[in-house]
Amino acid sequence: MSQMYNIIEPNVISEETIRKALEEQSQDEAGQLARREGIDFKDVTELQLSFRNILQIDNLWQFENLTKLQLDNNIIEKIEALESLVHLLWLDLSFNNIEVIEGLDSLVKLQDLSLYNNRISKIENMDALQDLQIFSIGKNNLDTLEDVIYLRRFKHLRTLNLLGNPLCDNEQYAPFTVAHLPELVYLDFKLVSDTMVSNSASFSRKTGNWHLIERLFCWYAGNILAFESAFVEYLNGSFLFESMYEEDAEAAKLALLPGVDDLLQEYPSWFVSVCENLFNYGLEQHEKREAEVSDFYESLQEALTANQEQGRKLILEFENRNKR
C-alpha cells in the first residue's frame, strides 16, 4: 500500500459513484430529464471517472455500449473488470499506480490507449488490440528497447509516446524506434521527420537489420517464377485456340461464308504452331530465370550470413560497453 492511502481515502466504482459521475456529465436539459427518469447504463457511450481516488475497477459490466472510458488520475493498481466493454474505442488509465499491462483481451476495438505515468516496466499482453492507433506509455519504468519491437504487431499504430522512460536515455532510442515502426507519424509528440527516417535507415544498416530485405527479395523472386509459369501454362497445344473459338459467337456465322472453310482448316495448325513456339521460348526463359534466382539466393545467403556475423559483433561490442 502506498503512503498516499494514509491521506486519501480509497474508493471503488460503486453505483452511487457512477450515477454521480453521469449526472455531472449531463448538465444540459437532457441530463436533467435523465436524472428525473433514471439513467439506463446500456445507453451510456462515454463515462468519466477521473480524480475520484478509485483503487479498484468494478461495476462496469452494465456499460456494454461504452466507447470512451476515463479512469485517469486515480490510485488504480490493476487493470481488471473490463471484459464486458467490447465496444470501447478510447481508454485513459494515465496517472495511476499500475505495474502490469493485463486485462485488455476483450477490448478488440480499442484505438486509443493511455497508460501514461504509471509503474509499468514491460509492454506485454496487448496482442488483441490489433486496431490500436494511438498509444501513450510515457513516464513509466520501461528500460529496454525490446519493448519497441513488441509494438511491431500493431499495423495501424501511428502515434506513440514513450517520453520519460529510462529507455529514452539510450542515444539509439529514436532511430531504433522509427526503424522498427516505419508507419509511425508522431513519436513523443513530434512529427516523424525525414531526418529521423534517414537516421533510422542508417541505423538499420549498421545493426544488421536485414530480415525485412530478405522477405522482400524472396517475395520478388517468387513472383518472377510464378509469372513465368503462368505465362506458358496454356500454350502447349490447341487448348488456347479451342477455348477462344468456343467462346466466339460469330465464328459459326463466318464459317458459312464462301472460302472461309478452307481458312478454318489451315488457321488452327498455324495458330497452334505459334503457340508452341511461344511455349518453348517461355520454357527456355523460365529455366534461365530459375538459374538467376538460384544464383540470387546463394548470393543473398552469403550476404545475410556476413551481415548477421557483423550484427553479432556489434551487439557483443554494445553489451561489453554496457557491462563496463
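Residues numbered from 1 in each chain as written. Predicted model: local features only at pLDDT ≥ 70, side-chain atom pairs only at ≥ 80, totals over all residues. Heavy atoms only, no water.

A. Local environment of the overall build of the protein chain. When helices and strands are counted, the protein chain shows 9 helices and 10 strands. Going through the 324 residues of the protein chain one by one, you find that 33% of them count as buried. Of the roughly 20,000 Å² that the protein chain leaves accessible, carbon and sulfur atoms contribute 52%. (Helix = DSSP H or I, 4+ residues; strand = E, 2+ residues; numbered from the N terminus. Buried < 20%, exposed > 50% of the residue type's maximum accessible area, 1.4 Å probe, protein only. Areas by Shrake-Rupley, 256 points an atom, 1.4 Å probe, with all protein chains shown as cover.)

B. Expanded view of unusual backbone geometry. With a phi angle near 55°, N53 is a residue other than glycine that sits in the positive phi range. Its location among the elements puts N53 in the loop between β2 (46-48) and β3 (54-56). The backbone of N59 shows a phi angle near 60°, a positive value even though the residue is not glycine. Inspection of the secondary structure puts N59 in the loop between β3 and β4 (68-70). Judged by its relative accessible area of 30%, N59 falls in the partly exposed class.

C. Geometry of the packing of aromatic side chains. Applying the stated criterion to the full structure yields 3 aromatic pairs. Both rings, one in F41 and one in F63, keep their centres 4.7 Å apart while their planes meet at 15°; by these two values the pair is stacked. In this pair, F41 is assigned in the loop between α2 (29-37) and β2 and F63 in the loop between β3 and β4, connecting sequence segments 22 residues apart. Pair check on accessibility: F41 and F63 agree, each one buried. Here the aromatic rings of Y150 and F154 are separated by 6.2 Å at their centres, their planes lie at 65°, and the arrangement is edge-to-face. Classification of Y150 by relative accessible area gives buried; the value is 12%. Here the basic side chain of K68 rests over the ring of W90, its NZ or CZ set 4.6 Å away from the ring centre. (Phe/Tyr/Trp six-rings, centres within 6.5 Å; stacked < 30°, edge-to-face > 60°. Lys NZ or Arg CZ within 6 Å of the ring centre and 35° of its normal.)

D. Spatial organisation of the pattern of salt bridges. The final tally for this structure, using the stated rule, is 3 salt bridges. Among the ionic pairs, E24 bridges to R52, the shortest N-O distance being 2.7 Å. Remark: R52 occurs in the loop between β2 and β3 and E24 occurs in helix α1 (residues 15-25); sequence separation between them is 28 residues. For E24, a relative accessible area of 40% translates into the label partly exposed. (Salt bridge = Lys/Arg side-chain N within 4 Å of Asp/Glu carboxyl O.)

E. Inspection of the side chain of N97 at higher detail. Secondary-structure assignment places N97 in the loop between β5 (90-92) and β6 (112-114). Look at N97 and you get buried, because its relative accessible area is 8%. Side-chain polar atoms of N97 contact the side chain of R119, separated by 3.3 Å. (Polar contact = N/O pair within 3.5 Å; in protein donor to acceptor, adjacent residues only side chain to side chain.)

F. Just the nonpolar core, in detail. Core analysis: the biggest nonpolar cluster contains 53 residues, and M126 and F135 have the highest contact counts within it. Dropping the residues within four chain positions of it, F135 is found in contact with L113, L115, I123, M126, L151, L157, T159, L160 and N161. (Core = buried A, V, L, I, M, F, W, Y, C linked by side-chain atoms within 4.5 Å. Contact = heavy atoms within 4.5 Å.)

G. Representation of a nonpolar patch on the surface. Together, V185, Y186 and L191 give the surface a local cluster of nonpolar side chains, amounting to about 270 Å² of exposed area. For L191, the position within the fold is in strand β10 (residues 190-191). (Patch = residues over 30% accessible without salt bridge, like charges linked within 9 Å, V, L, I, M, F, W, Y side chains within 5 Å.)

H. Spotlight on the sheet that holds β2. Across the sheet, 8 strands lie side by side as β2-β4-β5-β6-β7-β8-β9-β10; this open sheet has mixed pairing. In this open sheet, the two edge strands, each paired with only one partner strand, are β2 and β10. Judged from the 3 bridges that link them, β2 and β4 form a sheet pairing that is parallel. Residue pairing across strands places L47 opposite L69, the latter belonging to β4. (Pairing = 2+ DSSP bridges.)

I. Focus on the environment of S106. Following the sequence through the fold, S106 ends up in the loop between β5 and β6. Distance from S106 to L82, taken between C-alpha atoms, is 7.6 Å for residues 24 residues apart in sequence. Beyond its immediate sequence surroundings of up to four residues, S106 is in contact with L82, E83 and V86.

J. Just the confidence of the model for the protein chain, in detail. Of all residues in the protein chain, 70% have pLDDT values of 70 or greater, and the mean over the chain is 78. Of the regions scoring below 50 in pLDDT, residues 1-6 engages in 7 contacts with residues more than four places distant in sequence or in other chains. (pLDDT = per-residue confidence, 0-100.)

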